[in-house]
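Structural overview for review
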Amino acid sequence: MPTVVVVDVSLSMTRPVSVEGSEEYQRKHLAAHGLTMLFEHMATNYKLEFTALVVFSSLWELMVPFTRDYNTLQVVLVTDGCLGIGRGSLRHSLATHSQRSESNRFPLPFPFPSKLYVMCMANLEELQSTDSLDCLERLIDLNNGEGQIFTIDGPLCLKNVQSMFGKLIDLAYTPFHAVLKCGHLTSDVQVFPRPEPFIIDEEIDPIPKAINTDLEIVGFVDIADISSPPVLSRHLVLPIALNREGDEVGPGITDDTEDENSANQIAGKIPNFCVLLHGSLKVEGMVALVQLGPEWYGMLYSQADSKKKSNLMMSLFEPGPEPLPWLGKMAQLGPISDAKENPYGEDDNKSPFPLQPKNKRSYAQNVTVWIKPSGLQTDVQKILRNARKLPEKTQTFYKELNRLRKAALAFGFLELLKGVADMLERECTLLPDTAHPDAAFQLTHAAQQLKVASTGASEYAAYEHNIAPLQTDFSGSSTERM
């Protein structure tokens with residue numbers, strides 16, 4: 001993730017540090033040495049990383065701004081651990097942060113996902129002699145516990161500062177190298193940004209899962225079939241060249257510009273599977289399904305930044321055997337040659353996806369939804385219209401009546417059942433003299449059944465129960481038991 005380096009340039013950073021056998025250094029010189037090491041490492045291994053540099057004392061100044069906006073940042077605070085005194089100091093700010101107004105709030109926690117690393121130009125004993133360590137740890141806690149404090153081991157010298165920054169590099173800035181495989185074809189690649197370990201469920205399995213360094217392609221699927229799936233993260237997949245000793249000879253690894261250009265020319269002449277895969281996916285309009293670990297998959301695809309430039313990207317699905325329900329279980333997918341008939345048709349004019357679920361989903365059923373009053377009013381009016389056309393609409397009347405009854409019971413809307421029962425009884429009193437005798441019997445029967453359901457005190461009030469038409473002996477009545 002992008003990095004913001006915040007450097008303390010207050011007066012305390014000018015305190016001298018005696019280094020045996022060399023000239024006198026100040027703490028800010030040690031900080032500059034460590035930052036130079038960090039920036040050189042990022043320039044070598046993280047060419048796509050964006051970094052901003054901020055210096056501060058009582059005021060602050062943005063020395064190197066970002067060239068684009070980010071939602072997630074990694075903040076590196078370089079300080080000597082001196083908290084200052086008086087109003088505006090870190091000690092005072094931490095003591096009063098809960099009392100501040102929203103317009104003058106303490107900057108932590110940051111309003112964006114982040115990790116805070118504190119690089120102290122002091123050893124642990126020096127920080128423990130005051131309350132500095134406790135205050136710095138509180139900074140990490142205020143940032144939701146995301147981060148770590150680094151101190152110098154032993155005396156303050158360039159070597160120990162370099163060792164401290166080396167620990168930060170190992171923790172947060174180690175490039176992720178992997179081997180991309182497809183059958184007998186392989187390619188050494190760097191995945192950028194580095195994939196972070198993922199916790200599926202903190203209660204069931206709290207151990208973070210990391211992707212394998214062997215990325216095995218298990219198949220290819222049309223872009224139209226994969227659609228726009230939900231993913232955990234997206235990463236660039238960059239080819240790298242390795243020499244016989246296993247060290248990189250790709251861009252940024254050589255000692256000087258001439259060697260770097262020479263290495264680039266050599267690497268450009270060597271056939272590379274990663275480049276072949278990128279071109280093939282782009283031309284064919286397909287994605288490659290890649291296995292990241294046990295029951296964990298992702299996809300490789302070509303994404304264009306502009307009309308002339310595109311990159312090989314990798315998106316990580318959520319761990320599990322069936323991350324995309326419309327494709328089914330990943331382990332059960334196979335080549336077209338194994339099918340009796342081409343699932344895409346002879347002219348490639350159809351697709352076997354999405355797979356139809358074995359069990360009918362609730363959103364695929366004819367459920368009753370009353371989000372607005374007009375929806376409920378429509379359903380009640382439909383019952384009343386059919387009630388006025390009894391006995392010809394007997395089946396439709398009871399179908400709509402049972403649909404409303406089940407919805408009211410599911411929502412706990414028992415007052416609705418009582419209200420509709422009253423409406424049916426009123427309709428019964430309004431029947432004309434020419435109405436069929438069966439109509440009055442059916443309306444009275446339906447009203448009684450709704451009242452029973454509204455009380456919940458009988459087996460006829462159960463959700464699974466359906467109100468059946470009343471069987472009568474009147475000739476011409478064609479009612480059937482539902």
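Structure shown above.
Right, let's walk through the structure included here. Everything quoted here is computed from the prediction, not taken from an experiment. (Residues numbered from 1 in each chain as written. Predicted model: local features only at pLDDT ≥ 70, side-chain atom pairs only at ≥ 80, totals over all residues. Heavy atoms only, no water.)

Quick look at the overall build of the protein now. When you go through the protein residue by residue, the secondary structure sums to 12 helices and 15 strands. For the protein, with 482 residues in total, the buried portion stands at 38%. Counting contacts in the protein only where the partners sit at least 6 residues apart, residues at least 24 apart contribute 66% of the total. Roughly 28700 Å² of accessible area belongs to the protein as shown, and the carbon and sulfur atoms make up 52% of that amount. (Helix = DSSP H or I, 4+ residues; strand = E, 2+ residues; numbered from the N terminus. Buried < 20%, exposed > 50% of the residue type's maximum accessible area, 1.4 Å probe, protein only. Contact = heavy atoms within 4.5 Å. Areas by Shrake-Rupley, 256 points an atom, 1.4 Å probe, with all protein chains shown as cover.)

Next up on the list: the packing of helix H10 (residues 394-411) against helix H11 (residues 414-429). Packing of H10 against H11 brings their axes to within 8 Å, and their N-to-C directions diverge by 150°. Accordingly, the angle class assigned to the pair H10 and H11 is roughly antiparallel. Here H10 contributes Phe397, Leu401, Leu404, Arg405, Ala408 and Leu409 to the contact with H11, which in turn contributes Leu414, Leu416, Leu417, Val420 and Leu424. Classifying every residue of the contact of H10 with H11 by side-chain character gives 10 nonpolar, no polar and 1 charged. (Axes fitted to C-alpha atoms, helices over the stretch in contact; angles between N-to-C directions. Parallel < 35°, antiparallel > 145°, perpendicular 65-115°, else oblique. Nonpolar A, V, L, I, M, F, W, Y, C, P; charged D, E, K, R; others polar.)

Moving on to the pairing of strand E6 (residues 73-79). Counting buried positions along E6 yields 7 of 7 residues, so the element is predominantly enclosed. Burial along E6 is two-sided: the face carrying Leu73, Val75, Leu77 and Thr79 and the face carrying Gln74, Val76 and Val78 are both buried. With 5 bridges joining them, strand E1 (residues 3-8) and E6 adopt parallel strand pairing. If you follow Val6 over to E6, its bridge partner there is Leu77. Relative to strand E7 (residues 114-123), E6 runs parallel, the two being bridged by 7 bridges. Note on E7: the bridge partner recorded for Val76 is Tyr117. (Pairing = 2+ DSSP bridges.)

With respect to topology, 7 strands assemble into a closed barrel ordered E9-E10-E12-E15-E14-E13-E11, the strand pairing being mixed. Neighbouring strand axes in the sheet, compared pairwise and without regard to direction, differ in orientation by 40° on average. Two elements, strand E12 (residues 233-239) and strand E15 (residues 310-316), share 4 bridges in a ladder whose sense is antiparallel. Within E15, the position partnered with Leu236 by the bridge is Met313. Where helix H8 (residues 273-284) meets the sheet, it contacts strand E9 (176-182), strand E10 (185-192), strand E11 (214-222), E12, strand E13 (286-293), strand E14 (296-304) and E15, and its direction lies at approximately 90° from that of E15.

The interhelical angle for the contact between H10 and helix H12 (residues 437-455), taken along N-to-C directions, is 10°, at an axis separation of 11 Å. Regarding the angle of H10 to H12, the classification is roughly parallel. For the crossing formed where H10 meets H12, the hand is right-handed. Residues Phe397, Tyr398, Leu401, Arg405 and Leu409 of H10 pack against Gln442, Leu443, His445, Ala446, Leu450 and Ala453 of H12. For the contact of H10 with H12, the class distribution of residues is 8 nonpolar, 2 polar and 1 charged. (Left-handed = near helix turned anticlockwise from the far one by under 90°.)

Turning our eyes to something else, we now look at the environment of Lys28. Along the chain, the position of Lys28 falls in helix H1 (residues 27-45). Setting aside residues up to four positions removed in sequence, Lys28 forms contacts with Met13 and Thr14.

A contiguous patch of negative charge, built from Glu341, Glu346, Asp347 and Asp348, is present on the exposed surface. Assignment of secondary structure puts Asp347 in the loop between E15 and helix H9 (373-387). (Patch = residues over 30% accessible without salt bridge, like charges linked within 9 Å, V, L, I, M, F, W, Y side chains within 5 Å. Salt bridge = Lys/Arg side-chain N within 4 Å of Asp/Glu carboxyl O. Lys, Arg positive; Asp, Glu negative; His and termini not counted. Charge placed at Lys NZ, Arg CZ, Asp CG, Glu CD.)

The next point concerns the nonpolar core. Leu38, Val78, Met119, Met121, Phe165, Leu168 and Tyr173 are the most contacted members of the largest nonpolar core, which has 27 residues in total. Only E1, H1, E6, E7, strand E8 (147-152) and helix H5 (158-172) provide two or more residues apiece to this core. Sort the elements by how many residues they give to this core and H5 lands first, with 6 residues. Residues in contact with Leu38, not counting those within four places in the same chain, are Phe165, Leu168, Ile169 and Tyr173. (Core = buried A, V, L, I, M, F, W, Y, C linked by side-chain atoms within 4.5 Å.)

Quick reminder: α-helices carry 3.6 residues per turn. Residues three or four places apart thus point the same way. Every buried residue of helix H4 (residues 132-142) is accounted for by Ser132, Leu133, Cys135, Leu136, Leu139, Ile140 and Leu142. Along its buried surface, H4 packs onto E6, helix H2 (90-96), E7, helix H3 (124-128) and E8.

Together, Val367, Val369 and Ile371 make up an exposed nonpolar region whose accessible area comes to about 310 Å². Along the chain, Ile371 falls in the loop between E15 and H9. For Ile371, a relative accessible area of 74% translates into the label exposed.

Turning to the side chain of Thr151, a few remarks are in order. By the secondary structure assignment, Thr151 is in strand E8. Not counting chain neighbours up to four residues away, the residues in contact with Thr151 comprise Cys120, Ala122, Asn123, Leu124, Leu127 and Met164.

With that settled, consider the packing of aromatic side chains. Per the counting criterion, the structure on display carries 4 aromatic pairs. With a centroid separation of 5.6 Å and 65° between ring planes, the pair formed by Trp370 and Phe411 is classed as edge-to-face. Highlighted residues: Trp370 in the loop between E15 and H9 and Phe411 in helix H10, separated in sequence by 41 residues. Measuring from centroid to centroid gives 5.1 Å for Phe397 and Tyr398, while their planes differ by 80°, and the two rings are edge-to-face. Judged by its relative accessible area of 0%, Phe397 falls in the buried class. Judged by its relative accessible area of 0%, Tyr398 is buried. If you follow Lys406 out to its NZ or CZ, it ends over the ring of Tyr463, 5.5 Å from the centre. (Phe/Tyr/Trp six-rings, centres within 6.5 Å; stacked < 30°, edge-to-face > 60°. Lys NZ or Arg CZ within 6 Å of the ring centre and 35° of its normal.)

So, on to the pattern of salt bridges. This model, assessed by the stated rule, comprises 12 salt bridges. Taking the shortest distance from any N to any O, the salt bridge between Arg403 and Glu400 comes out at 3.1 Å. Residue Arg403 and its partner Glu400 are both found in helix H10; the two are separated by 3 residues, about one turn of the helix. In this structure, Asp422 and Lys418 form a salt bridge, with 3.2 Å as the shortest nitrogen-oxygen distance. Placement of the pair is Asp422 and Lys418 together in helix H11, with a separation of 4 residues, close to one helical turn. Within the structure, one salt-bridge network assembled from shared partners comprises Arg15, Arg27, Asp80 and Glu126.

Remember, this is a structural readout, not a statement about activity or role.
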